[in-house]
Amino acid sequence: VGSDGCISPEIARLSYEEWRLNPSELLFLKELGRGQFGVVYLGKWKETIKVAIKTINEGAMSEDDFMEEAKLMMKLSHPKLVQLYGVCTHHKPLYVVTEFMENGCLLNYLRQRRGKLGRDVLLRMCQDVCEGMEYLERNSFIHRDLAARNCLVNAEHIVKVSDFGMARYVIDDEYISSSGAKFPVKWSSPEVFHFKKYSSKSDIWSFGVLMWEVFTEGKMPFETKSNSEVVHEISQGNRLYRPHLASHPVYKVMYSCWHEKPEGRPTFAELTVTLTDLTEMT
Ligand SMILES: CN(C)c1ccc2c(c1)CCN(c1cccc(-c3cc(Nc4ccc(C(=O)N5CCOCC5)cn4)c(=O)n(C)c3)c1CO)C2=O
């Protein structure tokens, strides 16, 4: 931890010298929205680089646990992951500074562009997310809340995985408890909604639901059903229907992510190959 109370990462891709995060070098420009921890702002670092600044409300995050993990998270660097640049613990509230993604979250992006995105674009978005997730899988890092709402889109319309692993630091029973209104039941595998048994194979289940979100251009999964009805449906072996924009080979891929048993599901490494083959085919 530097003298100014900030842990500064090596920004391998941005520059070759250390990227020191000094709160006085951060400029707040405008509010981007509100997340589980508090308000997120668009900012500038040293008047040049656009960044996103997450302000962490008191009592919203297990900050000490997060600070411990942040050192590792800063080492995670991949073109399809939203890069964590640094954390400022100098004062309250805590600031978490990340790469800025001009086009906001994937879910709103899909809904705003309904009817305007070709199937090839939809498939490429799934590939982007899959590549980011394959990197996390390779590093034995579990996302725990993969969904279109937790992916972001940059100015070049590239999709990146965001807020990976952050679910572990949320202080909010509605989000933590599997019977809570905010628990992502519709994106959770059976071993997660029954036993909270998270793994890269439970991330695979969520990825299948994310593919469904992409190919329905942002529909809510099991739109007419409550969380407890969904638990029953899935336990009966029922699954999400084939989206109209999804070809049968594409539907087969997302469906394979919903195998009841984790070992019956593919890995992200396998999925990236399958999705690439599909691109060459269509
Ligand atoms: C525990 N888990 C899973 C969490 C915890 C916190 C958060 C999330 C999940 C996900 C939501 N979230 C959150 C909240 C608020 C902002 C961001 C958020 C929004 C960004 N970008 C933009 C860009 C534009 C717009 C915008 O206004 N528009 C409208 C016009 O058309 C273009 C888009 C919005 N956001 C961005 O770059 N980052 C890094 C984070 C984020 C993502 O970070 C969180 O802060």
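The preceding data block contains the structure.
Here the residue index of a chain counts from 1 through its sequence in written order. The predicted nature of this model means local features are confined to residues of pLDDT at least 70 and side-chain atom pairs, given and counted, to a pLDDT of 80 or more, with totals for whole chains, interfaces and linings taken over all residues. For the side-chain quantities, the full set of heavy atoms in the structure was used; hydrogens and water were omitted.

Caption draft 1: Geometry of the packing of helix 6 (residues 200-215) against helix 9 (residues 268-281). Under this scheme, a helix contributes an axis fitted over its contacting stretch, all axes are lines through C-alpha atoms, and angles between N-to-C directions fall in the 0 to 180 degree range. By the criteria applied, helices consist of DSSP H or I runs no shorter than four residues and strands consist of E runs no shorter than two, each listed in order from the N terminus. The N-to-C vectors of helix 6 and helix 9 enclose an angle of 30 degrees; their axes lie 11 Å apart at closest approach. What the angle tells us is that helix 6 and helix 9 run roughly parallel. Every residue of helix 9 that contacts helix 6 at Ser-200, Asp-203, Ile-204, Phe-207 and Met-211 is listed here: Phe-268, Leu-271 and Leu-275. Looking at the contact of helix 6 with helix 9, its residues break down into six nonpolar, one polar and one charged. Should an angle lie under 35 degrees it is considered roughly parallel, over 145 roughly antiparallel, and from 65 to 115 roughly perpendicular; all remaining angles are considered oblique. By definition, residues are in contact when any of their heavy atoms lie within 4.5 Å. All amino acids are sorted into three groups, where Ala, Val, Leu, Ile, Met, Phe, Trp, Tyr, Cys and Pro are nonpolar, Asp, Glu, Lys and Arg are charged, and the leftover types, Gly among them, are polar.

Caption draft 2: A look at the layout of surface pockets. Approximately 1,000 Å³ is the volume found for the largest pocket. Together, 43 residues line the largest pocket, and Gly-35, Lys-54, Arg-149, Ser-162 and Asp-163 are the ones closest to its centre. Considering each element in turn, the lining of the largest pocket owes the most residues, five residues, to strand 4 (residues 49-56). Residues belonging to the lining of the largest pocket are distributed by class as follows: 21 nonpolar, 13 polar and nine charged. Grid spacing is 1 Å over the protein atoms alone, the probe is 1.4 Å, and a cavity is where that probe fits but cannot get out, while a pocket is an open set with protein on both sides within 12 Å along at least five of seven lines and lining residues have an atom within 4 Å of a point. Grid points are joined across faces, edges and corners, and a volume is the space filled by probe spheres set on the points.

Caption draft 3: The site of the ligand, seen in detail. Around the ligand lies a shell of 25 residues, among which Ala-52, Lys-54, Met-101, Glu-102 and Asp-163 are the nearest. What qualifies as a polar contact is a pair of N or O atoms within 3.5 Å, subject to a donor-acceptor requirement within protein and to the restriction that residues adjacent in sequence count only when both atoms come from side chains. Between the ligand and Lys-54, the relevant distance is 2.6 Å, taken from an oxygen atom to a side-chain nitrogen or oxygen of the residue. All accessible-area figures derive from a Shrake-Rupley calculation using a 1.4 Å probe, and residue coverage is judged against the displayed protein chains alone. For the ligand, the accessible surface in isolation is 870 Å², of which the surrounding protein chains cover 78%. What decides whether a molecule sits in a cavity or pocket is whether more than half of its atoms lie within 2 Å of the grid points. Structurally, the ligand is housed in the largest pocket. Elements with a minimum of two residues in the shell around the ligand: strand 2 (26-34), strand 4 and strand 6 (94-99). It is strand 2 that provides the largest number of residues to the shell around the ligand, a total of three residues. Neighbouring residues are identified by heavy atoms, a residue being near a molecule or strand if any of them is within 4 Å of it.

Caption draft 4: Spatial organisation of the packing of aromatic side chains. Between 30 and 60 degrees the pair is tilted, below 30 it is stacked and above 60 it is edge-to-face, where a pair is any two Phe, Tyr or Trp rings, Trp via its six-membered ring, whose centres lie within 6.5 Å. Applying the stated criterion to the full structure yields eight aromatic pairs. A ring pair is formed by Phe-207 and Phe-268, whose centres lie 5.7 Å apart and whose planes are at 80 degrees; its orientation type is edge-to-face. Of this pair, Phe-207 sits in helix 6 while Phe-268 is found in helix 9, placing the two residues 61 residues apart along the sequence. Judged on exposure class, the residue Phe-207 and its partner Phe-268 are both buried. A connected cluster of aromatic rings, assembled from ring pairs, spans Phe-28, Tyr-41 and Tyr-95. Only protein chains enter the accessibility calculation, which uses a 1.4 Å probe. A residue is then buried if its area is under 20% of the maximum for its type, exposed if over 50%, and partly exposed in between.

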